[in-house]
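Descriptive analysis of the structure
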Amino acid sequence: MPSIMRGTTDNGLLPPVTDQDGAPFWDYAARGELRIQTCAGCRTPRFPPRPCCPYCQSFAHRWQKVSGRGHIWSFVIAHPPLLEGYAQLAPYNVALIELLDAPGIRLVGNVLAAPDAPPGSLDPARLAIGAAVRVTFTRVSARLALPQWLLGTS
Amino acid sequence: MAAALKDATAIVGIGQTPFARQLPDSEKTLACRAVLAALDDAGIAPSEVDALASYTMEETDEVELAKAIGAGDITHFSRVGFGGGGSCATLAHLAMAITTGQARVGVAWRSRKRGSGPRPWRGSVQLPTPAQWTRPYGLLRPVDEIAMLARRYLHRYGGTREHLCNVALACRRHANRNPAAVMYHRPLTREAYLAARWISEPLCLYDNCLETDGALACVLVSAERARDCRHTPVHLHSAAQALPAQHHGMVNYWNDDPLTGPSWTAARQLWKTADFGPADVDVAQIYDAFTPLIPLSLEGYGFCARGEGAAFTEDRALELGGRLPVNTSGGGLSEAYVHGFNLINEGVRQLRGTSTAQVPGARTCLVTAGEGVPTSAVLLRS
Ligand SMILES: [Zn+2]
């Protein structure tokens, strides 16, 4: 059974359970690339990935690389009760990041204190709607890396 | 088509079990008790029932229910998806079946042991979409998903936790008048709200609905038949279902304006076929799994302008005697959380004049299903 089909990872966190439409996103993320499904017909990016374009109905698409820069659209600070693996990290932030290159496309992620730091590592007082962020990739396994976020633009 | 549905059917019976954190009966038993209570209230024999409607999440299926209560031959049965978004749609489906001659006596119901049963978000089993984009990051529970929208909403329109507190207090004060409410004996103060533990900031414990065991049901027949029933008929004046364009469910994070949820779409359909407007609504039962859903819905259903929902809650506007009394039995926040079905029954009581927080002379009531998911709503009129 592939790891992705098991309940949780070794640290008790949930791996993405992907599907045919979403799998390329995670494959690129594992290589440290942030790419967004984009219509090959009308060139409109869309998220979450889906079989065809809701604007021109084309089934042709490509995975467009984006800059990995964005801003915080909103965020929460999660407190227990939570799944055990997450309860140990709480309180932690979960933010919705609007991409600079694709407004309207917003990725859920954790804003971390430093690359590879765990969710919950950042002082919540440093979070604000509108704050600039940039992507970083947290490696979970050889085949899985999660796009995560750091404050600032550099 | 719209003219055909308007006031063509009426709710003539309501029933419910007790509500509690834990009830000994099974969900199936609770379902049977609620349905039989509703039929008894209507004065209609179970053998006359020929239509059933419930939620896709309902665990007691039509076969089990019909054979247990002694229903007749069933000629219409339907289920509505998306959890609490389906509550009012069950009535809409029955009304369409009765109006088109597919059935004569319809029963809608919901039975749930959410209080003593498992918490759905606890499991590690995930659906691929859209959970793959959220759950790995610890956005696990419905409250987290709504808190994300709530913070943006409060930030965008200058709302505060005081506004959310207004919602919680209104529901609690109504529950404190309702002996059937789980929170009947439990007053809530603003101080206690502001001191409560966080669940998902900016939402605290009292921004969350209860976890309840219980069941409810109601009986729908044609308006003509309703005239012969024992209670004042409560007419289904208008009904709507709503899955907006480019909507993404509870994680409605990927369209141009995530803060205009399904209630806006439901409202357009609802008011289009109604003889009256938001200003004519005497009392409202608005789905309240989380407090922010109330200001969002007030905007969506047209009780105030965009961004004014938080301010609308000021000056006890949502309480008995206020501008728009809301959730007069205590709602999901303080009466019981049974996927919004208790809001339907309370709407009926208001128009019968038998609520424990009765709005004097109430003639019209809006009942809504879950905002933030594909939803439904009805306008009731006596
Ligand atoms: Zn296209």
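Residues numbered from 1 in each chain as written. Chains lettered and ligands numbered in written order. Predicted model: local features only at pLDDT ≥ 70, side-chain atom pairs only at ≥ 80, totals over all residues. Heavy atoms only, no water.

Describing the coordination of the zinc ion
All names here are of chain A.
- Binding of the zinc ion to the protein goes through Cys39 (SG), Cys42 (SG), Cys53 (SG) and Cys56 (SG), at separations of 2.3 Å.
- In this structure, the zinc ion is coordinated by four donor atoms arranged in tetrahedral fashion, with angles at the metal of 97 to 116 degrees.
- Mapped onto the sequence, the donors of the zinc ion take the spacing C-x2-C-x10-C-x2-C. With a gap of eleven residues between them, Cys42 in the loop between strand E1 (35-39) and strand E2 (61-65) and Cys53 in the loop between E1 and E2 connect regions that are remote in the sequence.
- You can call Cys53 buried: its relative accessible area is 1%. (Donors = N, O, S within 2.8 Å, 3.2 Å for Na, K, Ca; no water. Tetrahedral: all angles 85-135°; square planar, octahedral: opposite > 155°, others 65-115°. Helix = DSSP H or I, 4+ residues; strand = E, 2+ residues; numbered from the N terminus. Buried < 20%, exposed > 50% of the residue type's maximum accessible area, 1.4 Å probe, protein only.)

Quick word on the interface of chain B and chain A
- If you look at the interface, chain B gives 38 residues, while chain A gives 42 residues.
- Of the roughly 3,600 Å² buried between chain B and chain A on both sides combined, carbon and sulfur atoms contribute 60%.
- On inspection of chain B and its partner chain A, the count reaches zero salt bridges.
- Across the chain B-chain A interface, the total number found is 21 residue pairs in polar contact (both at pLDDT 80 or more).
- Looking at the side of chain B that touches chain A, the elements with two or more residues in it are helix H5 (142-157) and strand E5 (198-201) of chain B.
- Per-element accounting of the side of chain B that touches chain A gives the leading share, seven residues, to H5 of chain B.
- Counted by class, the side of chain B that touches chain A contains 16 nonpolar, twelve polar and ten charged residues.
- Both strand E3 (residues 69-78) of chain A and E5 of chain B contribute to a ladder of two bridges, which runs antiparallel. When the sheet's bridge partners are listed, Ala78 of chain A is paired in E5 of chain B with Ser200 of chain B. (Contact = heavy atoms within 4.5 Å. Buried area = accessible area lost by both parts, 1.4 Å probe. Salt bridge = Lys/Arg side-chain N within 4 Å of Asp/Glu carboxyl O. Polar contact = N/O pair within 3.5 Å; in protein donor to acceptor, adjacent residues only side chain to side chain. Nonpolar A, V, L, I, M, F, W, Y, C, P; charged D, E, K, R; others polar. Pairing = 2+ DSSP bridges.)

Side note on the domain arrangement of chain A
Residue and element names in this part refer to chain A.
- According to the domain assignment, chain A contains domain 1 (19-65) and domain 2 (67-154).
- The straight-line distance from the C-alpha centre of domain 1 to that of domain 2 is 22 Å.
- Listed by partner, the interface residues are eleven residues for domain 1 and 15 residues for domain 2.
- Both faces considered, domain 1 and domain 2 share a buried interface measuring about 960 Å² in area, 80% of it formed by carbon and sulfur atoms.
- Its largest share of buried area at the contact with domain 2, domain 1 owes to Trp26, Ala30 and Leu34, together 49% of the area lost on that side.
- Run the count over domain 1 and domain 2 and you get zero salt bridges.
- Between the two partners, domain 1 and domain 2, sit one residue pair in polar contact (both at pLDDT 80 or more).
- Looking at the side of domain 1 that touches domain 2 element by element, the count peaks at four residues for helix H1 (residues 23-30).
- Class assignment for the residues of the side of domain 1 that touches domain 2 results in eight nonpolar, one polar and two charged. (Domains from an automatic or database assignment.)

Structural notes on unusual backbone geometry
- In this structure, the amide linkage connecting Phe47 of chain A to the following residue, Pro48 of chain A, adopts the cis form with an omega of -10 degrees.
- The topology assignment puts Pro48 of chain A in the loop between E1 and E2.
- Residue Asp7 of chain B is not a glycine yet carries a positive backbone phi of 60 degrees.
- Tracing the backbone through its elements, the reader meets Asp7 of chain B in the loop between helix H1 (2-5) and strand E1 (9-16).
- For Arg316 of chain B, which is not glycine, the phi torsion reads 55 degrees and is therefore positive.
- Summarising the element assignment, Arg316 of chain B is placed in the loop between helix H11 (309-312) and helix H12 (331-334).

Looking at the pairing of E5 of chain B
All names here are of chain B.
- As paired strands, E5 and strand E6 (residues 203-204) are joined by two bridges and run antiparallel to one another. Bridge pairing links Trp198 to Cys204 in E6.
- The antiparallel hairpin formed by E5 and E6 contains one residue in its connecting segment.

Topic: the nonpolar core
- Core analysis: the biggest nonpolar cluster contains 110 residues, and Phe25, Ile72, Leu99 and Val111 of chain A together with Ile11, Tyr253 and Leu380 of chain B have the highest contact counts within it.
- Element by element, the count of residues in this core is highest for H5 of chain B, at eight residues.
- Shared between two domains, this core holds at least three residues of each, these being domain 1 (19-65) and domain 2 (67-154) of chain A. (Core = buried A, V, L, I, M, F, W, Y, C linked by side-chain atoms within 4.5 Å.)

Some remarks on the confidence of the model for chain A
- Here chain A averages 93 in pLDDT, and 95% of its residues register 70 or above.
- Long-range and interchain partners of residues 1-6 of chain A, a stretch whose pLDDT sits below 50, account for six contacts in this model, where long-range means more than four residues apart. (pLDDT = per-residue confidence, 0-100.)

Side note on the environment of Leu216 of chain B
- Mapped onto the secondary structure, Leu216 of chain B falls in strand E7 (residues 213-222).
- Linking Leu216 of chain B and Gly332 of chain B, residues 116 residues apart in sequence, is a C-alpha distance of 13 Å.

Considerations on helix H13 (residues 341-352) of chain B
Residues and elements named next belong to chain B.
- Helix length check: H13, at twelve residues, gives a terminal C-alpha distance of 17 Å against a target of 16 Å (1.5 Å per residue), a fit within 8%.
- The buried fraction of H13 amounts to twelve of the twelve residues, a majority that puts the element mostly inside the structure.
- Among all positions in H13, only Phe341, Asn342, Leu343, Ile344, Asn345, Glu346, Gly347, Val348, Arg349, Gln350, Leu351 and Arg352 are buried.
- Of the residues trailing H13, Gly353 is marked for its positive phi of about 85 degrees. (Expected span 1.5 Å × (residues − 1).)

Re the UniProt feature "domain: Thiolase C-terminal" (unreviewed entry) in chain B
- According to UniProt, the feature "domain: Thiolase C-terminal" (unreviewed entry) maps to residues 257-376 of chain B in the numbering used here.
- Secondary structure across residues 257-376 of chain B divides into 32% helix and 8% strand, with the first and last C-alpha atoms of the span separated by 20 Å. (UniProt positions renumbered as here; feature names shortened; annotations may be inferred.)

Describing helix H9 (residues 262-272) of chain B
- Listing the buried residues of H9 of chain B in full gives Pro262, Ser263, Trp264, Ala266, Ala267, Leu270 and Trp271 of chain B.
- Along its buried surface, H9 of chain B packs onto strand E8 (234-242), helix H10 (293-300), strand E10 (364-368) and strand E11 (375-381) of chain B.

Focus on the state of the cysteines
Residues and elements named next belong to chain A.
- The final tally for this structure, using the stated rule, is zero disulfides over all chains.
- With no disulfide of its own, Cys52 lies 7.8 Å from the sulfur of Cys53, the closest cysteine sulfur.
- Looking at Cys52, the relative accessible area reads 27%, which means it is partly exposed. (Disulfide = S-S within 2.5 Å.)

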